[in-house]
Amino acid sequence: MHSLRSIRPVAATGAMAGGVEGEPIRRKLIALRAKEQDALRRRLERAQSVGDLPSDADAADLARFVTALFQGTTVQAINGASREELLRLSDAALRIWPK
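Cut-offs applied
- Residues numbered from 1 in each chain as written.
- Predicted model: local features only at pLDDT ≥ 70, side-chain atom pairs only at ≥ 80, totals over all residues.
- Heavy atoms only, no water.
- Helix = DSSP H or I, 4+ residues; strand = E, 2+ residues; numbered from the N terminus.
- Buried < 20%, exposed > 50% of the residue type's maximum accessible area, 1.4 Å probe, protein only.
- Contact = heavy atoms within 4.5 Å.
- Areas by Shrake-Rupley, 256 points an atom, 1.4 Å probe, with all protein chains shown as cover.
- Salt bridge = Lys/Arg side-chain N within 4 Å of Asp/Glu carboxyl O.

A.B. asks: I keep staring at the overall build of the chain and nothing clicks. Help me out?
C.D. replies: Along the backbone of the chain there are four helices and zero strands. The order of α-helices and β-strands along the chain, N terminus first, is α-α-α-α. Taking all 99 residues of the chain together, the buried fraction comes to 18%. Within the chain, contacts between residues at least 6 apart in sequence are counted, and of these 49% link residues at least 24 apart. Put simply, the chain shows about 7300 Å² of open surface, and 57% of that area lies on carbon and sulfur atoms.

In C-alpha cells, the structure reads:
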C-alpha cells in the first residue's frame, strides 16, 4: 500500500470530495494537511526569527494561504488551466506575499 505522501494532489483532492465510503481516507488527508500546514507555520516562524519574514506577518495565516493556494492550483490544473495561467496565479501570490 502506498503512503499518503505518495498520493498525487489530483487524487487527494478527489478523495476530499468523495462520499461516505471515502470518509476514512478523507480524515487521513485532513490530518496530513493539518500536519504539513503546521510544519510550514513553524518554518515561517523560523524565517521571522532570522528576519527573512516581517515580524508583523502572521505565520499561521500565511501557512493557511499557501495550503489553500496549493489546493486551488490543483483544482485549476484539474479543470484545464494552462501552464501560463498557473504561473500567473503563482505570480499573483508572490505579489501579495509580505516583504
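A.B. asks: Sorry, what's going on with the environment of proline 54 here?
C.D. replies: For proline 54, the location among the structural elements is in the loop between helix 2 (23-49) and helix 3 (59-78). Taking the C-alpha atoms as reference points, proline 54 and lysine 99, 45 residues apart in sequence, are found 6.6 Å from one another. Non-local contacts of proline 54, meaning those with residues more than four positions away in its chain, are made with Gln48, Pro98 and Lys99.

A.B. asks: Quick question: what am I supposed to make of the pattern of salt bridges here?
C.D. replies: Pairing between side chains of opposite charge can happen when their charged atoms approach one another. On inspection of all chains with the given rule, the structure shows seven salt bridges. Here arginine 27 ties to glutamate 23 by a salt bridge, and the two come within 3.7 Å at their closest N and O atoms. Residue arginine 27 and its partner glutamate 23 are both found in helix 2; the two are separated by four residues, about one turn of the helix. Residue class for glutamate 23 comes out partly exposed when judged on its relative accessible area of 26%. Here aspartate 38 makes a salt bridge to arginine 42, at a shortest N to O gap of 2.4 Å. Residue aspartate 38 and its partner arginine 42 are located together in helix 2, separated by four residues, close to a single helical turn.

A.B. asks: I keep staring at the side chain of glutamine 37 and nothing clicks. Help me out?
C.D. replies: As for its position among the elements, glutamine 37 is in helix 2. Overall, the relative accessible area of 14% leaves glutamine 37 in the buried class. Those residues in contact with glutamine 37 that lie beyond four places of it in its chain are Ala63, Arg64 and Thr67.

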